[in-house]
Amino acid sequence: MSSTLAKIAEIEAEMARTQKNKATAHHLGLLKARLAKLRRELITPKGGGGGGPGEGFDVAKTGDARIGFVGFPSVGKSTLLSNLAGVYSEVAAYEFTTLTTVPGVIRYKGAKIQLLDLPGIIEGAKDGKGRGRQVIAVARTCNLILIVLDVLKPLGHKKIIENELEGFGIRLNSKPPNIGFKKKDKGGINLTATCPQSELDAETVKSILAEYKIHNADVTLRSDATADDLIDVVEGNRVYIPCIYVLNKIDQISIEELDIIYKVPHCVPISAHHRWNFDDLLEKIWDYLKLVRIYTKPKGQLPDYTSPVVLPYSRTTVEDFCMKIHKNLIKEFKYVCSRNLHDIKFYFSLVFQCSSFPVIFPWTFIVFDD
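Computed from a predicted model, the values in this text were never measured in an experiment.

Novice: So what exactly am I meant to see when it comes to the packing of helix H3 (residues 77–85) against helix H9 (residues 278–289) here?
Specialist: For any two helices packed against each other, one specifies the inter-axial angle together with the distance between the axes. With their axes 12 Å apart at the nearest point, H3 and H9 run at an angle of 85 degrees to one another. With respect to H9, the axis of H3 lies roughly perpendicular. Residues Leu80, Asn83 and Leu84 of H3 touch H9, and the partners they reach there are Phe278, Leu281 and Leu282.

Set out below in structure tokens:
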């Protein structure tokens, strides 16, 4: 690992010395590709051993969504978890109290949401310092990340944590690059751009792909893409996770300062100790998770609003719905499993005519709550 870290430091130093302009875009793109390959070695060490979260970190995924609390030591993550979920996590006014992942569960709007209080990370976590690799590996499995910051020193910590997560292939509050990429056996690199490009040209694209020993591929740039975007697509191991910045300890600042914080994107100011502004935090969590509640309606009765079936907004097919209840139900719905649940009334009326319709599934239709 030491040799890999040395190479990373050498490349980062060269990038810092290189002035960024059109003339150096090709060289910088090549350096970024080399840097990404080295960072992948840190994420997935050779030999396959030690690549997992490790003892105390591998928590079984439960519920409808998983949220990870990420932040520096002693910013209030454990207090926030305790007061949100009622789960005791040892809290003290010194650093590194939480040494393993501490899970908790909350129920909100009918959804069961798992909370993970992760040990505090430090600068250099992505390079293996402290337990950074294990912490960030768990963060990659989350549906939402809460970066908990001390409101008295938020910007410096925010930038460091973002850098650590980025170095581990986590992209916050962003979507996958709109780039088509397909390897092929021959024909060279075929580059197509559907809009003007300010950074990538044919030479830069070819040099980045050559670093990955890719000499035949079709590349389609559907937006003004960067070298980082292309590298992310080629690497193929990036995760795109929504993030909320939780600014804790607002009891220590003025009203005027609080007004300024409210204007920062993706931020929610709170006091974990006093339980201030938890309602706003929970509502923002719900918005960022993008969950859909589906209510079952027994024939001749009102919908059952007490126990919804909760699904991600992006996965609302009949198959997703059936799998949430019981995997054997899919056998009864083979010919409609790919259809979206918005069409459910029509298709359920057809399925109801099946003689093999299971007794455990006695609903005429369902009601969406977006």
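Novice: I'm lost on the state of the cysteines in this one. Help?
Specialist: By definition, a disulfide links the sulfur atoms of two cysteines through a covalent bond. What the rule picks out here adds up to zero disulfides. Lacking any disulfide linkage, Cys243 is separated from the closest cysteine sulfur, that of Cys267, by 8.7 Å.

Novice: For this particular structure, what's the right way to read the environment of Pro119?
Specialist: Checked against the element boundaries, Pro119 lands in the loop between strand S3 (111–117) and helix H4 (132–139). What makes Pro119 buried here is its relative accessible area of 5%. For Pro119 and Gln134, which are 15 residues apart along the polypeptide, the C-alpha to C-alpha distance reads 9.4 Å.

Novice: Sorry if this is basic, but what is going on with the sheet that holds strand S8 (residues 217–221) here?
Specialist: Strand pairs in the sheet, formed through backbone hydrogen bonds, run parallel or antiparallel to each other. Pairing is mixed across the open sheet formed by three strands, whose spatial order is S6-S8-S7. Edge positions in the open sheet fall to strand S6 (179–183) and strand S7 (189–193), since each of these has one partner strand only. Averaged over neighbouring strand pairs, the angle between their axes works out to 5 degrees when direction is ignored. Alignment of S7 against S8, held across five bridges, turns out to be parallel. Looking across to S8, one finds that Ala193 is bridged to Leu221. Its contacts with the sheet place helix H7 (residues 227–235) against S6 and S8, and it is angled at close to 45 degrees to S6.

Novice: Sorry if this is basic, but what is going on with unusual backbone geometry here?
Specialist: The bulk of non-glycine residues show a negative phi, and the bulk of peptide bonds are trans. In this structure, Lys249 is a non-glycine residue whose phi angle is positive, near 70 degrees. With respect to the helices and strands, the residue Lys249 is situated in the loop between strand S10 (243–248) and helix H8 (255–261). Its identity as a non-glycine residue notwithstanding, Asn277 has a phi of 65 degrees, on the positive side. For Asn277, the location among the structural elements is in the loop between strand S11 (267–269) and H9.

Novice: What exactly am I supposed to notice about the pattern of salt bridges here?
Specialist: Proximity of charged atoms lets side chains of opposite charge pair with each other. Counting across every chain of the model gives 14 salt bridges. When the shortest N-O distance is used, the salt bridge between Asp232 and Arg171 registers 2.9 Å. Of this pair, Asp232 sits in helix H7 while Arg171 sits in strand S5 (residues 170–172), and the two are 61 residues apart along the sequence. No difference in accessibility class separates Asp232 from Arg171, as the two residues are buried.

Novice: Would you explain the sheet that holds strand S2 (residues 102–108) in this entry?
Specialist: Read from one edge of the open sheet, six strands run S2-S3-S1-S4-S10-S11, paired in mixed fashion. On the outer flanks of this sheet lie S2 and S11, each paired with one strand and no other. For this sheet the average axis-to-axis angle between neighbouring strands, irrespective of direction, equals 25 degrees. Inspection of the sheet shows strand S1 (residues 65–70) paired to S3 by five bridges, in the parallel sense. Paired with Gly68 across the two strands is Leu116, which belongs to S3. The sheet strands contacting helix H5 (residues 154–167) are S1, strand S4 (144–150) and S10, and the helix crosses S4 at an angle near 145 degrees.

Novice: Looking at this structure, I do not really get the packing of helix H6 (residues 202–211) against H7. What am I missing?
Specialist: Closest axis-to-axis distance for the H6/H7 pair is 11 Å, and the angle between their directions is 35 degrees. The two elements H6 and H7 meet at a crossing, and its hand is right-handed. Across the interface between the two elements, Val205, Ile208 and Leu209 from H6 touch Ala227, Leu230, Ile231 and Val234 from H7. A per-class count over the contact of H6 with H7 returns seven nonpolar, no polar and no charged.

What counts and what doesn't
- All chains use their own residue numbering, which begins from 1 and follows the written sequence.
- Residue-level local features of this predicted model are given only where pLDDT is at least 70; pairs of side-chain atoms are given and counted only at 80 or more, and the full residue set underlies all totals for whole chains, interfaces and linings.
- Where side-chain values are given, they derive from all heavy atoms of the structure, hydrogens and water being excluded.
- Here an angle of 0 to 180 degrees is reported between the N-to-C directions of two axes, which are lines fitted to C-alpha atoms, with helices fitted over the stretch in contact.
- In DSSP terms, a helix is any run of H or I states spanning at least four residues, a strand is any run of E spanning at least two, and both are numbered starting from the N terminus.
- Oblique is the label for any angle not under 35 degrees, not over 145, and not in the 65 to 115 range, which are roughly parallel, roughly antiparallel and roughly perpendicular in turn.
- We call two residues in contact when some of their heavy atoms are within 4.5 Å.
- Cysteine sulfurs are considered disulfide-paired once they come within 2.5 Å of each other.
- For every residue, the accessible area obtained with a 1.4 Å probe (protein chains only) is divided by the maximum for its type, and the residue is called buried under 20%, exposed over 50%, and partly exposed between those limits.
- Two strands qualify as a pair provided that DSSP identifies no fewer than 2 bridges between them.
- Criterion for a salt bridge: a side-chain nitrogen of Lys or Arg within 4 Å of a carboxyl oxygen of Asp or Glu.
- For any pair of crossing helices, the crossing counts as left-handed if the nearer helix is rotated counterclockwise from the farther one by less than a right angle, and right-handed if it is rotated clockwise.
- Gly is put with the polar residues, along with every residue not named as nonpolar or charged; the nonpolar set is Ala, Val, Leu, Ile, Met, Phe, Trp, Tyr, Cys and Pro, and the charged set is Asp, Glu, Lys and Arg.

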